[in-house]
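Descriptive structure summary
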Amino acid sequence: MSARIGWLLVIVAALLITLDGALYTVSEQQQVVITQFGEPIGQAVTSPGLHFKLPFAQEINVFDKRWLEWNGNPNQVPTRDKKYIWVDTYARWRIANPLLFFQRLRDERGAQSRLDDIIDGETRNVIANHNLIEIVRTSNRPFEQAEEIEDVMEVEEMRQVGLGRDKITRLILQRASEIVPDYGIELVDVQVQRVNYIESVQAKVFERMISERKRIADRHRSEGQGKSAEIRGKKERELKVIQSEAYRKTQEIMGRGDAEATAIYADAYNRNGELYEFAKSMETYRTGIDKDSWLVLSTNARLFRYLQSPNAAAESSKR
Amino acid sequence: MTDDRVAFDPEDVLRMARKLRSKLPRSLGLLILAALIGLGLISAYYQVEPDEVAIVTRFGKFVSTAGPGPHGKLPFGIERVQKVPVERQLKQEFGFRTTRAEIQSSYSKDERTSAESTMLTGDLNVATVEWIVQYKISDPYKYLFKLRDVEETFRLMAEASMRTVVGDHSVTELLTVGRESIAAKAKELLSNLCKLYDNGISVQQLVLQDVDPPESVKPSFNDVNQAIQERERAINDAWAEYNQEIPRARGQAEQAIQAAEGYAVDRVNRAKGDAQRFIALEEEYRKAPEVTRQRIYLETLAAVLPAAGKKLVFDERAKGILPLFPLGAPEKQELKP
């Protein structure tokens with residue numbers, strides 16, 4: 001009985017091992033190439049689920065079905081206008097033809113190194129043939145508040161782009177895409193992740209930025225002074241206008257008053273000029289003579305004639 | 001059977017062994033069965049949190065999605081479950097990292113974050129830009145199965161998008177008026193890339209945080225702001241002076257004109273008064289000229305003589321005598337011939 005159990009166990013074990021060798025799963029993320037004695041046979045298996053193969057003779061080689069990463073290392077690349085920059089690109093690719101991929105590259109490590117060559121190569125080519133501005137700008141949209149900077153900035157920075165960043169990366173993608181299908185690879189996208197100046201160029205750029213800002217600041221300050229001087233000048237001029245106008249008017253008014261008064265006086269006093277002189281003189285004597293005044297009078301004054309004699313009036317008329 | 005030399009009965013041993021053997025497999029089997037059932041139950045049960053969705057695959061193939069709550073699946077790895085937080089607002093930070101998210105969050109920056117934030121502007125200047133992206137997983141299947149490193153790729157896409165947009169703006173725009181439009185454009189670019197890569201991510205918000213010129217350049221940028229302020233202040237000061245002095249001068253001018261008019265009126269009225277007085281006198285005088293004249297004369301002398309402090313009456317006939325003027329003497333003096 002134990003022998004029977006023993007044989008049963010062995011048979012079951014053998015069956016299980018065979019089953020294990022004949023069944024395999026493919027996940028949503030995977031695609032499989034079957035190799036028989038090391039050589040690939042048949043089409044790649046891309047549909048997910050449970051699949052069968054020949055146990056022991058056939059082996060599965062699993063590849064990723066998803067979009068895979070290629071994160072290039074930053075490259076120091078010169079542009080056409082001799083600016084040295086660090087360019088950091090990335091790409092996303094997938095194994096479009098796993099069979100071909102397996103035959104040409106074997107595994108992902110092979111693919112990464114091949115992609116390094118291809119994409120870095122195309123990147124260098126494209127960048128070396130274009131000016132820096134093409135890799136930075138996408139469009140020629142005018143900058144706001146450019147007026148204050150325009151004549152301050154160096155002309156080359158304001159140069160227009162012919163292609164622009166987007167078209168440049170499309171160009172790199174297009175060129176690389178022509179090469180990679182030979183390896184069973186499809187490139188979905190290439191992007192420039194980063195573009196930066198190299199150290200020495202950056203230092204110069206900073207200097208330029210500082211002097212640019214200084215020019216802008218100086219311009220603001222001188223504008224401020226200019227405008228404020230203008231306003232002050234305006235103020236001075238208006239002050240003069242107001243003051244001289246006022247003077248003219250006051251003189252006019254006072255003159256008119258004087259003239260009118262003079263006319264009134266003349267009109268009245270002309271009736272009897274001598275009477276006016278007499279009355280006015282009398283008034284003047286009253287106000288002009290005070291306790292500090294000396295009065296020198298002659299005894300011949302008519303006022304004193306009655307001092308001489310009570311009948312002085314009659315006597316003088318007789319004489 | 002009274003042979004005490006035998007300790008046990010071999011028959012009994014065989015009987016005992018047979019009894020054990022029949023019992024053992026059964027109880028062991030039961031134990032193993034129970035363990036298997038237990039393990040099966042554990043691996044068949046899973047729970048989905050309220051903000052999650054579960055993707056169920058059978059032998060690697062996608063079969064269904066499961067919503068929040070308790071669920072069952074085929075055990076022992078036949079069916080597998082991956083949970084994806086679809087309702088949660090997720091965030092990626094660029095140029096800085098939040099180290100403690102509280103009311104007063106604290107942030108850290110290092111070489112890596114400064115590499116993320118340094119970028120070229122459209123006028124070929126350099127700036128540092130910090131920003132965040134808030135997003136949700138809109139399609140869990142795509143999120144799991146389309147790209148191998150979804151999150152890292154998403155970060156690269158975000159950096160590329162931001163740099164593209166910043167590269168099309170001047171540094172002045174970036175620091176001042178262009179912030180909103182730059183953030184909006186970057187968000188649009190990133191969303192388009194998400195569509196292109198079909199990564200199952202939906203971008204909710206892209207917000208700029210600190211945007212600065214590089215450290216060594218900052219002072220000169222600040223100086224520009226200062227210069228603008230100085231300019232404004234110079235202009236405002238000048239206007240303030242103007243607004244202070246001009247109205248005052250106008251007021252003074254008005255005042256002078258009014259005074260002049262007052263003077264004119266005063267003069268005319270006085271003249272009228274004086275004239276009227278004289279005319280009245282003249283009319284009376286015409287009626288009795290000699291008497292009026294005498295009267296006025298004598299009235300005047302009557303007022304004047306007492307008022308004069310010093311008087312001297314001398315005779316014209318006295319000739320040859322030097323009249324002495326005792327200046328300062330109070331009484332009247334008479335010189336005798």
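Residues numbered from 1 in each chain as written. Chains lettered and ligands numbered in written order. Predicted model: local features only at pLDDT ≥ 70, side-chain atom pairs only at ≥ 80, totals over all residues. Heavy atoms only, no water.

Some words on the overall build of chain B
Within chain B one finds 8 helices and 12 strands. In chain B, buried positions account for 37% of the 337 residues. Taking all contacts inside chain B whose residues are at least 6 apart in sequence as the whole, residues at least 24 apart take part in 64%. In the structure as shown, chain B presents an accessible area of about 20200 Å², 56% of it carried by carbon and sulfur atoms. (Helix = DSSP H or I, 4+ residues; strand = E, 2+ residues; numbered from the N terminus. Buried < 20%, exposed > 50% of the residue type's maximum accessible area, 1.4 Å probe, protein only. Contact = heavy atoms within 4.5 Å. Areas by Shrake-Rupley, 256 points an atom, 1.4 Å probe, with all protein chains shown as cover.)

Describing the overall build of chain A
Looking only at helices and strands, chain A has 10 helices and 10 strands in total. Compactness check: chain A gives a C-alpha radius of gyration of 58 Å against a globular reference of 20 Å for 319 residues, more than 25% above the reference. For chain A, the spread of C-alpha atoms along the three principal axes comes to 205 × 60 × 35 Å. The long-range share in chain A, meaning contacts at least 24 apart out of those at least 6 apart in sequence, stands at 68%. Put simply, chain A shows about 18100 Å² of open surface, and 54% of that area lies on carbon and sulfur atoms. Distance between charge centroids for chain A: 5 Å, based on 46 positive and 47 negative side chains. (Rg over C-alpha atoms; globule rule 2.2 N^0.38 Å. Lys, Arg positive; Asp, Glu negative; His and termini not counted. Charge placed at Lys NZ, Arg CZ, Asp CG, Glu CD.)

Regarding the sheet that holds strand β2 (residues 53–58) of chain B
Residue and element names in this part refer to chain B. What the 3 strands build is an open sheet, ordered β3-β2-β5; its pairing is antiparallel. Two strands bound the open sheet, and with one partner strand each, they are β3 (61–66) and β5 (79–84). Between one strand and the next, the sheet's axes are offset by a mean angle of 25°, whatever the strand orientation. Pairing of β2 with β5, which is carried by 6 bridges, proceeds in the antiparallel orientation. Paired with Val-53 across the bridge in β5 is Val-84. (Pairing = 2+ DSSP bridges. Axes fitted to C-alpha atoms, helices over the stretch in contact; angles between N-to-C directions.)

Overview of the packing of helix α7 (residues 199–269) of chain A against helix α7 (residues 218–287) of chain B
Relative orientation of the contacting elements α7(A) and α7(B) amounts to 0°, with a least axis distance of 9 Å. As the angle between them shows, α7(A) and α7(B) are arranged roughly parallel. Partitioned by chemical class, the residues of the contact of α7(A) with α7(B) number 37 nonpolar, 7 polar and 23 charged. (Parallel < 35°, antiparallel > 145°, perpendicular 65-115°, else oblique. Nonpolar A, V, L, I, M, F, W, Y, C, P; charged D, E, K, R; others polar.)

What to know about helix α6 (residues 165–179) of chain A
In this model α6(A) runs 22 Å from its N-terminal to its C-terminal C-alpha over 15 residues, within 8% of the 21 Å that 1.5 Å per residue would give. Along α6(A), the positions that sit buried rather than exposed are A:Arg165, A:Ile168, A:Thr169, A:Ile172, A:Leu173 and A:Ala176. Buried residues in α6(A), looked at end-on, bunch into an arc of 135°, giving them a common side. Opposite its buried face, α6(A) presents the exposed residues A:Lys167 and A:Glu178, each directed more than 90 degrees away. The elements touched by buried residues of α6(A) are α3 (108–128), α4 (132–136) and β9 (185–197) of chain A together with α4 (150–166) of chain B. (Expected span 1.5 Å × (residues − 1). Arc of directions from axis to C-beta.)

Topic: the environment of A:Val32
Residue and element names in this part refer to chain A. Along the chain, the position of Val-32 falls in strand β2 (residues 30–36). Linking Val-32 and Arg-80, residues 48 residues apart in sequence, is a C-alpha distance of 45 Å. Not counting chain neighbours up to four residues away, the residues in contact with Val-32 comprise Tyr-24, Val-26, Ala-44, Val-45, Ile-60, Asn-61 and Val-62.

Examining the nonpolar core
In terms of nonpolar packing, the biggest core is built from 90 residues, with A:Trp93, A:Ile185, A:Leu187, A:Tyr197, B:Trp131, B:Val133 and B:Met162 touching the most fellow members. With 9 residues, α4(B) is the single largest residue contributor to this core. Those residues in contact with A:Ile185 that lie beyond four places of it in its chain are A:Trp93, A:Arg94, A:Ala96, A:Phe101, A:Leu105, A:Ala111, A:Leu115 and A:Val180. In this structure, A:Ala268, A:Leu275, B:Ala271 and B:Ile279 belong to the second largest nonpolar core, which totals 15 residues. (Core = buried A, V, L, I, M, F, W, Y, C linked by side-chain atoms within 4.5 Å.)

Concerning the pairing of strand β8 (residues 84–95) of chain A
All names here are of chain A. Counting buried positions over the 12 residues of β8 gives 9, a clear majority of the element. Direction of pairing for strand β7 (residues 75–78) relative to β8: antiparallel, over a ladder of 4 bridges. Directly across from Gln-76, in β8, lies its bridge partner Trp-86. The loop that links β7 with its antiparallel partner β8 comprises 5 residues; one of these, Lys-82, has a positive phi angle of about 65°. Here β8 runs beside β9; their pairing, made up of 11 bridges, is antiparallel. Note on β9: the bridge partner recorded for Ala-91 is Val-190.

Let's talk about the packing of α3(A) against α6(A)
Residues and elements named next belong to chain A. Following both chains from N to C, one finds α3 and α6 inclined at 140°, their axes separated by 9 Å at the closest point. Taken together, α3 and α6 sit at an angle that is classed as oblique. Relative to α6, α3 is oriented so that their crossing is right-handed. Contacts from Ile-118, Glu-122, Thr-123, Asn-125 and Val-126 of α3 reach α6 at Ile-168, Leu-171, Ile-172, Arg-175, Ala-176 and Ile-179. Partitioned by chemical class, the residues of the contact of α3 with α6 number 7 nonpolar, 2 polar and 2 charged. (Left-handed = near helix turned anticlockwise from the far one by under 90°.)

Topic: unusual backbone geometry
Residue and element names in this part refer to chain A. In this structure, Phe-56 is a non-glycine residue whose phi angle is positive, near 65°. With respect to the helices and strands, the residue Phe-56 is situated in the loop between β4 (49–52) and β5 (58–64). A relative accessible area of 64% places Phe-56 in the exposed class. Its identity is not glycine, yet Lys-82 carries a phi of approximately 65°, on the positive side.

A word on the sheet that holds strand β3 (residues 39–40) of chain A
Residues and elements named next belong to chain A. With antiparallel pairing, 3 strands are arranged side by side in an open sheet as β3-β2-β5. Bordering the open sheet on either side are β3 and β5, each of which pairs with just one other strand. Relative to β3, β2 is paired through 2 bridges, and the arrangement is antiparallel. Counted as the bridge partner of Gln-36 is Glu-39 from β3.

Purely geometric stuff here, so don't read any function into it on its own.
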